[in-house]
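Results of the structural survey
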Amino acid sequence: MKKLLGIGISVGVLAGIWTQVSIELTLITWVGFVAWACYFAAGGGREGFQKGLAANLAGALWGYGASLVLTYATFTGAVALVVTVLAFILCLQAAVDLLSFIPGAFAGTAVIFGTSFDLGGTLIALVVGAGLGWLSDIAGRRIQAAVERSGQPVRAAQP
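Heads up: these notes are all about the structure in this document. (Residues numbered from 1 in each chain as written. Predicted model: local features only at pLDDT ≥ 70, side-chain atom pairs only at ≥ 80, totals over all residues. Heavy atoms only, no water.)

Looking now at the packing of aromatic side chains. For the structure on display, the rule yields 4 aromatic pairs. An angle of 0° between the planes, with centres 5.5 Å apart, marks the rings of phenylalanine 33 and tryptophan 36 as stacked. With phenylalanine 33 and tryptophan 36 both in helix H2 (residues 29-41) and 3 residues apart, this pair spans about one turn of that helix. A relative accessible area of 4% means that tryptophan 36 is categorised as buried. Between the aromatic rings of tyrosine 39 and phenylalanine 40, the centroid separation amounts to 4.9 Å while the plane-to-plane angle is 85°, which identifies the pairing as edge-to-face. For phenylalanine 40, a relative accessible area of 32% corresponds to the partly exposed category. (Phe/Tyr/Trp six-rings, centres within 6.5 Å; stacked < 30°, edge-to-face > 60°. Helix = DSSP H or I, 4+ residues; strand = E, 2+ residues; numbered from the N terminus. Buried < 20%, exposed > 50% of the residue type's maximum accessible area, 1.4 Å probe, protein only.)

A cluster of nonpolar side chains, contributed by Leu5, Ile9, Val13, Ile17, Val21 and Leu25, occupies part of the molecular surface with about 490 Å² of accessible area. With respect to the helices and strands, the residue leucine 5 is situated in helix H1 (residues 5-24). For leucine 5, a relative accessible area of 38% translates into the label partly exposed. (Patch = residues over 30% accessible without salt bridge, like charges linked within 9 Å, V, L, I, M, F, W, Y side chains within 5 Å. Areas by Shrake-Rupley, 256 points an atom, 1.4 Å probe, with all protein chains shown as cover. Salt bridge = Lys/Arg side-chain N within 4 Å of Asp/Glu carboxyl O.)

What follows covers the packing of helix H3 (residues 45-72) against helix H6 (residues 119-150). Contact geometry of H3 with H6 gives a least axis separation of 10 Å together with a crossing angle of 165°. Taken together, the axes of H3 and H6 lie roughly antiparallel to each other. Viewed along their axes, H3 and H6 form a crossing whose handedness is right-handed. Where H3 approaches H6, its residues Gly45, Arg46, Phe49, Leu53, Asn56, Leu57, Ala60, Leu61 and Tyr64 are matched on the opposing element by Leu119, Thr122, Leu123, Leu126, Val127, Ala130, Gly131, Trp134 and Asp137. (Axes fitted to C-alpha atoms, helices over the stretch in contact; angles between N-to-C directions. Parallel < 35°, antiparallel > 145°, perpendicular 65-115°, else oblique. Left-handed = near helix turned anticlockwise from the far one by under 90°. Contact = heavy atoms within 4.5 Å.)

As for its position among the elements, asparagine 56 is in helix H3. By relative accessible area, asparagine 56 is classed as buried at 0%. Here asparagine 56 is in contact with Ala35, Cys38, Gly104, Ala105, Ala107, Gly108 and Leu126, once residues within four sequence places are set aside.

Our next topic: the packing of H3 against helix H5 (residues 102-114). The geometry of H3 relative to H5 is characterised by a closest axis approach of 6 Å and an angle of 45° between their N-to-C directions. As the angle between them shows, H3 and H5 are arranged oblique. Where H3 crosses over H5, the two elements pack in a sense that is right-handed. When H3 is examined against H5, the residues Ala55, Asn56, Gly59, Ala60, Gly63 and Tyr64 are found in contact with a partner set consisting of Gly104, Ala105, Ala107, Gly108, Thr109, Ile112 and Phe113.

In structure tokens form, the structure reads like this:
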């Protein structure tokens, strides 16, 4: 439990701030949390930030493109066909190292669908959420280090 104190504090505080700020600025709160989760799921750190965010953004853009195709493809089964092709693309793009976090691509596609294809709002929230992931990770490690130092016995200064 003690090992999770730092991350718990940093995530908790930042989650509260994000929620209030996103409401005030009419940003899409839940999308930020999805990107935040993808940061950690992709391994955290620089690589987790880069791969999580790149995959989220690619997925959102592919999903938006699929929505444009669906405005013209009105035949029975069009949605199923477009989703089939989209899922294939999301997996295939993983051959590019930066886009190799497949769950992040699917999450990005899901959030664009979940926001009714609000491209601008989705992209902003994805970027902020990934940034909050990185910030909470750094802050969490620093808080944890301070907690662990405070638990050490105090030694007398050497003459």
